[in-house]
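# A structural walkthrough
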Amino acid sequence: MKIQQQVSLKKYNSFGIDAKAAFFCEINTIDTLAKALQLTAYTTKFILGGGSNMLLTQDIDALVLYINLKGKNIIAETDDYVVIEVMAGENWHDLVLWTLENDFGGLENMSLIPGNSGTSPIQNIGAYGVELKDVFVSCEAMKISNQKIKTFSKTKCAFGYRESYFKNEGKGKYIITSVALKLTKKNHKLNTTYGSIDTELAKNNITNPTIKDVSNAVIAIRSSKLPDPKVLGNSGSFFKNPIISEKEFSVFSKNNPDAPFYQVSNKEFKIPAGWLIEQCGFKGKRFGDAGVHKNQALVLVNYGQASGAEILALAHKIMAAVNEKFNICILPEVNIIK
């Protein structure tokens, strides 16, 4: 086990924030993770995954454990489906591409989501009408206090919209080490009606799409809207799309008849946060090296030297403006590290 000191985390977070870790240890095995958690010389430990869904606002005065567990295997299979186990350090998009190569269906709509597989249950990641919970079987996680491995079923994970047990009651208690997903081998159930997937497919004269066609469409759409973190620091969608009540929606739609929306239940409606932010005039605006992306107002970006505090200040400015104009509260999807 190698522990380094004063390590820059710039390459370990997709915003490209140059915060430093007082101590840093790369975790490549379950055994190493257990031993690292037992190190009493480091009273505070910070768990770092893919770094794609967080904003560092200061240096980390702790032992940073970088979860880099690798491997993916088929653990169950029938004629109709497979169950795969994916280790926490596997890149999510690389996993999606691997499933497509093997003609396993279920993840195609979640192509190009940044980050690693181990953090996917924390957020219940999702895109274009599909969420992780739709294919999720279980995950294994190590309890930080005693280093014991526990299996969490879908029910125990308590998934919600970008929510889970690990973001609420279980926050800071467990480290996810692997995820099990159930994927189809044939008769794939395609979801192409959300967003502009159907439009993208039609543009390419595809009338009978495969799961790879859907993935390619999603990649094309996301690439046109979302900047590559390797080129322009960002964490994808910075804000959650707000869900409002039927009563609130009645008032909102009366005042904004042309606003886009999605009905999520008989009494709840989802409003695109990007649209709300754009109506407040922030799309494409730059404040020093912190800014709002020109193609997607939901994405905050680092033009080079922005600090996490500057990006957070911009986020608060946007949240206040949306609340004042629409009386709707939007919240960060990104994990703010203070």
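Above this text you will find the structure in question.
Predicted model, so just to flag it, every value in this text is computed and none were measured. (Residues numbered from 1 in each chain as written. Predicted model: local features only at pLDDT ≥ 70, side-chain atom pairs only at ≥ 80, totals over all residues. Heavy atoms only, no water.)

We now examine the overall build of the protein. Each helix and strand counted, the protein has nine helices and 20 strands in total. Against the 2.2 N^0.38 benchmark of 20 Å for 338 residues, the protein shows a C-alpha radius of gyration of 20 Å, consistent with a compact globule. Its C-alpha atoms give the protein principal-axis dimensions of roughly 60 × 55 × 35 Å. When the 338 residues of the protein are sorted by exposure, 49% land in the buried category. Taking the contacts inside the protein whose residues are at least 6 apart along the sequence as the reference set, 62% of them involve residues at least 24 apart. (Helix = DSSP H or I, 4+ residues; strand = E, 2+ residues; numbered from the N terminus. Rg over C-alpha atoms; globule rule 2.2 N^0.38 Å. Buried < 20%, exposed > 50% of the residue type's maximum accessible area, 1.4 Å probe, protein only. Contact = heavy atoms within 4.5 Å.)

Residue position: Gly284 is located in the loop between helix 8 (273-279) and strand 17 (286-287). For the pair Gly284 and Pro257, spaced 27 residues apart in sequence, the C-alpha to C-alpha distance is 24 Å. The contacts of Gly284, once residues within four sequence positions are left out, are Val292, His293 and Lys294.

So, on to the sheet that holds strand 7 (residues 81-87). Sheet strands pair via backbone hydrogen bonds, and the direction of the pair is either parallel or antiparallel. Taken in spatial order, the five strands of this open sheet run 6-7-12-10-11, and their pairing is antiparallel. Edge strands, defined here as strands with exactly one partner in the open sheet, are strand 6 (72-77) and strand 11 (149-153). The mean angle between the axes of side-by-side strands here comes to 25 degrees, regardless of whether they run parallel or antiparallel. Examined bridge by bridge, strand 10 (residues 136-143) and strand 11 share five bridges and lie antiparallel to one another. Directly across from Ser138, in strand 11, lies its bridge partner Ser153. Here helix 2 (residues 92-101) sits on the sheet and contacts strand 6, strand 7 and strand 12 (174-184); the angle it forms with strand 7, its principal contact strand, is near 155 degrees. (Pairing = 2+ DSSP bridges. Axes fitted to C-alpha atoms, helices over the stretch in contact; angles between N-to-C directions.)

A contiguous nonpolar surface patch, about 230 Å² in accessible area, is contributed by Ile243, Tyr262 and Val264. Here Ile243 lies in strand 14 (residues 243-245). (Patch = residues over 30% accessible without salt bridge, like charges linked within 9 Å, V, L, I, M, F, W, Y side chains within 5 Å. Areas by Shrake-Rupley, 256 points an atom, 1.4 Å probe, with all protein chains shown as cover. Salt bridge = Lys/Arg side-chain N within 4 Å of Asp/Glu carboxyl O.)

Ranked by internal contacts, the top residues of the largest apolar core, which has 49 residues, are Phe239, Phe252, Leu300, Ile318 and Ile330. When residues in this core are grouped by element, the largest group, nine residues, is from helix 9 (residues 308-326). Setting aside anything within four residues of it in sequence, one finds Ile330 in contact with Phe239, Pro242, Ala273, Leu276, Ile277, Ile318, Met319 and Val322. Counting 38 residues, the second-largest nonpolar core is a separate cluster that includes Leu95, Ile125, Leu181 and Ala217. (Core = buried A, V, L, I, M, F, W, Y, C linked by side-chain atoms within 4.5 Å.)

A word on the pairing of strand 5 (residues 60-67). Summarising burial for strand 5: seven of the eight residues are buried, a large majority. In terms of strand pairing, strand 2 (residues 20-27) meets strand 5 through six bridges, oriented parallel. Its bridge partner being in strand 5, Cys25 is matched across the sheet by Leu65. Examined bridge by bridge, strand 3 (residues 45-48) and strand 5 share four bridges and lie parallel to one another. Bridge assignment links Leu48 to a residue of strand 5, and that residue is Tyr66.

Scanning all chains against the criterion turns up 21 aromatic pairs. Centre to centre, the rings of Phe152 and Tyr174 are 4.9 Å apart; their planes meet at 85 degrees, and the pair counts as edge-to-face. Pair noted here: Phe152 is in strand 11 and Tyr174 is in strand 12, with a separation of 22 residues, a long-range link. Pair check on accessibility: Phe152 and Tyr174 agree, each one buried. One aromatic cluster in this structure is built from Phe152, Tyr165, Phe166 and Tyr174. Looking at Lys182, its charged tip hangs above the ring of Tyr81, at a distance of 4.1 Å from the centre. Sitting over the ring of Phe326, Lys325 keeps its end group 5.7 Å from the ring centre. (Phe/Tyr/Trp six-rings, centres within 6.5 Å; stacked < 30°, edge-to-face > 60°. Lys NZ or Arg CZ within 6 Å of the ring centre and 35° of its normal.)

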